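Summary of structural features
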Amino acid sequence: IVLGIMCLVWLKSVPVKASFREQLDIFKSKHTWFCTITYVMTFGSFSGFAAAFPLMIKTIYGNFPDAPDPLKYAFLGPLIGSATRVIFGFVADKVGGAILTQIAGLAMIALCAVMVFMGLLTPASIDSFPAFVWCMLGLFFFSGIGNASTFRQFPIIFSHSPRQGAQVLGWTGAVAAYGPFVFATLVGSSITKTGSAVPFFIGAAG
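Residues numbered from 1 in each chain as written. Predicted model: local features only at pLDDT ≥ 70, side-chain atom pairs only at ≥ 80, totals over all residues. Heavy atoms only, no water.

Quick look at the overall build of the chain
The test is simple: Runs of E in the DSSP output that reach at least two residues are strands. Runs of H or I that reach at least four are helices, and both are numbered from the N terminus. Type-normalised accessible area, obtained with a 1.4 Å probe on protein chains alone, sets the label of each residue: buried when under 20%, exposed when over 50%, and partly exposed for intermediate values. Should any heavy atoms of two residues lie within 4.5 Å, those residues are considered in contact. Shrake-Rupley sampling with a 1.4 Å probe provides the accessible areas, and residues are treated as covered by the protein chains on show and by no other component.
Helix and strand counts for the chain stand at nine helices and zero strands. Here the chain holds 206 residues, and the buried ones make up 41% of them. The contacts in the chain between residues at least 6 apart in sequence include a share of 80% that link residues at least 24 apart. Of the roughly 11600 Å² of accessible surface on the chain, a fraction of 71% belongs to carbon and sulfur atoms.

As for the pattern of salt bridges
How we decide: Here a salt bridge means any side-chain nitrogen of Lys or Arg lying within 4 Å of a carboxyl oxygen belonging to Asp or Glu.
In this structure the tally under the stated criterion is one salt bridge. The partner of R163 in a salt bridge is D25, with the nearest N and O atoms 3.0 Å apart. Pair noted here: R163 is in helix α7 (residues 162-176) and D25 is in the loop between α2 (20-23) and α3 (30-61), with a separation of 138 residues, a long-range link.

A short note on the packing of aromatic side chains
The condition that has to hold: Stacked, tilted and edge-to-face pairs are distinguished by plane angle, under 30 degrees for stacked and over 60 for edge-to-face with tilted covering the rest, among Phe, Tyr and Trp rings (Trp via its six-membered ring) whose centres lie within 6.5 Å. A ring is considered to have a charge above it if a Lys NZ or an Arg CZ atom is located within 6 Å of its centre and within 35 degrees of its normal.
Taken as a whole and judged by the stated rule, the model has 22 aromatic pairs. Consider the rings of F49 and F201, whose centres lie 5.8 Å apart with planes at 20 degrees: the pair is stacked. Placement of F49 in helix α3 and of F201 in helix α9 (residues 198-205) is noted, with a sequence separation of 152 residues between them. An identical accessibility class is assigned to F49 and F201; each is buried. Ring centres 5.3 Å apart and planes at 90 degrees place the aromatic pair F200 and F201 in the edge-to-face group. With relative accessibility at 10%, the residue F200 sits in the buried group. The structure contains a cluster of three or more aromatic residues connected by ring pairs, namely Y39, F43, F46, F53, Y61, F64, Y73, F129, F132, F140, F151 and F154. In this structure, R85 is placed above the aromatic ring of F151, and the distance from its NZ or CZ to the ring centre is 5.3 Å.

Brief notes about the environment of A113
Secondary-structure assignment places A113 in helix α5 (residues 97-117). Separated by 92 residues in the primary sequence, A113 and A205 place their C-alpha atoms 7.1 Å from one another.

Things to note about the packing of α3 against helix α8 (residues 179-194)
For the record, the criterion: Where helices are involved, their axes are fitted lines through C-alpha atoms of the stretch in contact, as for all axes, and angles between N-to-C directions lie from 0 to 180°. It is the rotation of the near helix from the far one that decides the hand of a crossing: anticlockwise by less than a right angle makes it left-handed, clockwise makes it right-handed. Charged means Asp, Glu, Lys or Arg here, nonpolar means Ala, Val, Leu, Ile, Met, Phe, Trp, Tyr, Cys or Pro, and polar covers whatever is left, Gly included.
In contact at an axis separation of 7 Å, α3 and α8 are set at 35 degrees when each is read in the N-to-C sense. Seen from above, α3 lies across α8 with right-handed handedness. Taking contact as the criterion, the partners of G44, S45, S47, G48, F49, A51, A52, L55, M56 and T59 in α3 are, on α8, G179, P180, F183, A184, V187, G188 and I191. Grouping the amino acids of the contact of α3 with α8 by side-chain chemistry returns 10 nonpolar, seven polar and no charged.

With respect to the nonpolar core
The condition is simple: We define the nonpolar core as a collection of buried residues of types Ala, Val, Leu, Ile, Met, Phe, Trp, Tyr and Cys that are connected through side-chain atoms lying within 4.5 Å of one another.
Core analysis: the largest hydrophobic core is formed by 31 residues, its most contacted members being F49, M56, M115, F132, M136, L139 and F201. Ignoring anything within four residues of it in the chain, the contact list for M115 reads L120, L121, F132, C135, M136, L139 and F201. Counting residues in each nonpolar core, the second largest holds seven residues, with C35, Y39, F154 and F158 among its members.

Let's talk about a nonpolar patch on the surface
What counts is decided by this rule: The patch calculation keeps residues exceeding 30% relative accessible area without a salt bridge and links them within 9 Å when they carry like charges or within 5 Å when they are nonpolar (Val, Leu, Ile, Met, Phe, Trp, Tyr).
Together, I1, V2, L3, I5, M6, L8, V9 and W10 make up a nonpolar patch on the protein surface, roughly 1000 Å² of accessible area in all. With respect to the secondary-structure elements, L8 resides in helix α1 (residues 2-10).

Structural notes on the environment of G170
For G170, the position within the fold is in helix α7. For G170, a relative accessible area of 43% puts it in the partly exposed group. Distance from G170 to F140, taken between C-alpha atoms, is 22 Å for residues 30 residues apart in sequence.

So, the state of the cysteines
Going by this rule: Cysteine sulfur pairs qualify as disulfides if the two atoms are within 2.5 Å.
Counted according to the given criterion, the structure contains zero disulfides. Between C112, a cysteine without a disulfide, and C135, which holds the nearest cysteine sulfur, the sulfur-to-sulfur distance is 9.3 Å. A residue is classified by how much of its surface remains accessible, and C112, at 4% relative accessible area, is buried.

Quick word on the side chain of S143
As for its position among the elements, S143 is in helix α6 (residues 129-157). Aside from chain neighbours lying at most four places away, what touches S143 is T42, S45, F46 and M108.

Here it is as structure tokens:
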């Protein structure tokens, strides 16, 4: 309520002077689709892994003796991702969004590969669990960085048209919001059909 009142009083209002049909012009730009892909990579991963993290703990490590409680770890990823989103917003303003998006993307690919090739998704014992958790928290960390950097990039990419920039932010956010449904569904399907989440993480890295 407080934030709503503050926005009503102080937030700058920028009316959109375009019809609905005219607003569809963002879909003709290749940059709209590049932005969509990168935001699915960052916010889609953040929100998607937030939903899938406890599911993976339960299904991958839940059958071992003294199995970890997913609820004790589920909040850590969203906490880290949200914190880095805030902190690296200031960093992106200083160094630019593009370089941080590159770093975040490469790091997330590397972490997915580590989880696959170190056998953290097909563990032989509970001893692999700490490394699994650290890799997952790393994914949350870099997805948070990517969330900050992409929001820095998009308005600059569409600096020729602030109206289009605002619309692309809205569009990419709407698409990436399906992350929890898509990620949890694909992780579950991967485990059900192949016995592990390895295919999903190979696909995510791709």
